[in-house]
Amino acid sequence: GAVVSQHPSRVICKSGTSVKIECRSLDFQATTMFWYRQFPKQSLMLMATSNEGSKATYEQGVEKDKFLINHASLTLSTLTVTSAHPEDSSFYICSATKPGLASEQYFGPGTRLTVT
Amino acid sequence: DQQVKQNSPSLSVQEGRISILNCDYTNSMFDYFLWYKKYPAEGPTFLISISSIKDKNEDGRFTVFLNKSAKHLSLHIVPSQPGDSAVYFCAASVNSGNTPLVFGKGTRLSVIA
């Protein structure tokens, strides 16, 4: 199997605070993890690509100082939304790939972030 | 500029009939295509894929057709079941390494009993 978990599944925070979302590959080592964001009625928008032990590659328009990504091990990547604002409220989804099977992405269940 | 387009935001089909979901792409470098199914508040789950060296791939009730010259692919579900009701995303990638998927906006399929 290829199971990816995310924690928390749902979080509500106040404007100005920071929130950390964890993405774990439970039964395989993920060479690469991706972070996506989904707005209502829109596609999954890639935010950044994260490789273990190196800096994340951010997509154009994504603020790297606001969305901090740390891929500390082959099974864990974290996304920290710093100084969150209501417009950051969204559904954040991570995915992970197995070595050599780049197109086989396994998705986490997502995290619903609400900033009040 | 959207590289992967799903022009129908929604589709309703009677139970037992065929559902056809369409997807167009513009990047000729794409050589691997996937369909994902997504329920509300859940991550996408992989459904079926096709490499550009093929024009058809079948898995049970699901068949994906690829027309490279038209840069078009479609997902056929037959027979459609109420449990198929979900949002379906078409995705494409260049299978040359750890390249991220490019997703379409999705099509919401409603299968009516």
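Scroll up to find the structure.
First things first, this report covers the structure right here in the doc. Here the structure is a predicted model, which is why all the values come from computation and not from measurement. (Residues numbered from 1 in each chain as written. Chains lettered and ligands numbered in written order. Predicted model: local features only at pLDDT ≥ 70, side-chain atom pairs only at ≥ 80, totals over all residues. Heavy atoms only, no water.)

When helices and strands are counted, chain A shows zero helices and eleven strands. Secondary structure elements of chain A occur, N-terminal to C-terminal, as β-β-β-β-β-β-β-β-β-β-β. Each of the three principal axes of chain A carries a C-alpha extent, and together these read 40 × 25 × 25 Å. Per-residue burial for chain A yields a buried fraction of 50% across its 116 residues. Sequence-distant contacts in chain A: of pairs separated by 6 or more residues, those separated by 24 or more amount to 55%. (Helix = DSSP H or I, 4+ residues; strand = E, 2+ residues; numbered from the N terminus. Buried < 20%, exposed > 50% of the residue type's maximum accessible area, 1.4 Å probe, protein only. Contact = heavy atoms within 4.5 Å.)

Take the overall build of chain B next. On a plain count of helices and strands, chain B comes out with zero helices and eleven strands. Counting from the amino terminus, helix and strand elements in chain B follow one another as β-β-β-β-β-β-β-β-β-β-β. Over its C-alpha trace chain B gives a radius of gyration of 13 Å, about what one expects of a compact globule, namely 13 Å for 113 residues. Its C-alpha atoms give chain B principal-axis dimensions of about 40 × 30 × 20 Å. Expressed as a percentage of its 113 residues, the buried residues of chain B come to 42%. Summarising the internal contacts of chain B: among those between residues at least 6 apart in sequence, 54% fall at separations of at least 24. For chain B, the exposed surface amounts to about 5400 Å²; the carbon and sulfur share of it is 49%. Side chains of chain B carry 11 positive and 9 negative charges; the gap between the two charge centres is 3 Å. (Rg over C-alpha atoms; globule rule 2.2 N^0.38 Å. Areas by Shrake-Rupley, 256 points an atom, 1.4 Å probe, with all protein chains shown as cover. Lys, Arg positive; Asp, Glu negative; His and termini not counted. Charge placed at Lys NZ, Arg CZ, Asp CG, Glu CD.)

Residue and element names in this part refer to chain A. Pairing within the open sheet is antiparallel, and its four strands lie in the order E1-E3-E8-E7. With one partner strand each, in any of the chains shown, strand E1 (4-7) and strand E7 (67-73) form the two edges of the open sheet. Between one strand and the next, the sheet's axes are offset by a mean angle of 15°, whatever the strand orientation. Here E7 pairs with strand E8 (residues 76-81) via five bridges, running antiparallel. Pairing of Phe67 across the sheet is with Val81, part of E8. (Pairing = 2+ DSSP bridges. Axes fitted to C-alpha atoms, helices over the stretch in contact; angles between N-to-C directions.)

Checked against the element boundaries, Leu44 of chain A lands in strand E5 (residues 44-51). Exposure remark for Leu44 of chain A: the relative accessible area of 3% places this residue in the buried category. Each C-alpha atom of the pair Leu44 of chain A and Leu74 of chain A lies 23 Å from the other, and the pair is 30 residues apart in sequence. With near-sequence residues (within four places) excluded, Leu44 of chain A lies in contact with Tyr36, Arg37, Gln38, Ile93 and Phe107 of chain A together with Pro44, Phe89 and Phe103 of chain B.

Between His7 of chain A and Pro8 of chain A the backbone carries a cis peptide bond, its omega angle lying at 0°. Following the sequence through the fold, Pro8 of chain A ends up in the loop between E1 and strand E2 (10-13). Cis geometry is found at the peptide bond from Val78 of chain B to Pro79 of chain B, where omega equals -5°. Within the secondary structure layout, Pro79 of chain B lies in the loop between strand E8 (72-77) and strand E9 (86-93). Here the phi dihedral of Lys71 of chain B falls at roughly 50°; this positive angle occurs in a residue that is not glycine.

Let us look at the packing of aromatic side chains. Under the definition given, this model contains twelve aromatic pairs over all chains. Arranged with centres 5.7 Å apart and planes meeting at 45°, the rings of Tyr36 of chain A and Phe107 of chain A form a pair that is tilted. You can see Tyr36 of chain A sitting in strand E4 (residues 32-38) and its partner Phe107 of chain A sitting in strand E10 (residues 101-107), a full 71 residues away along the chain. Neither residue differs from the other here; Tyr36 of chain A and Phe107 of chain A are each classed as buried. Taken together, the ring pairs in this structure connect Phe34, Tyr36 and Phe107 of chain A together with Tyr36, Phe46, Phe89 and Phe103 of chain B into an aromatic cluster. (Phe/Tyr/Trp six-rings, centres within 6.5 Å; stacked < 30°, edge-to-face > 60°.)

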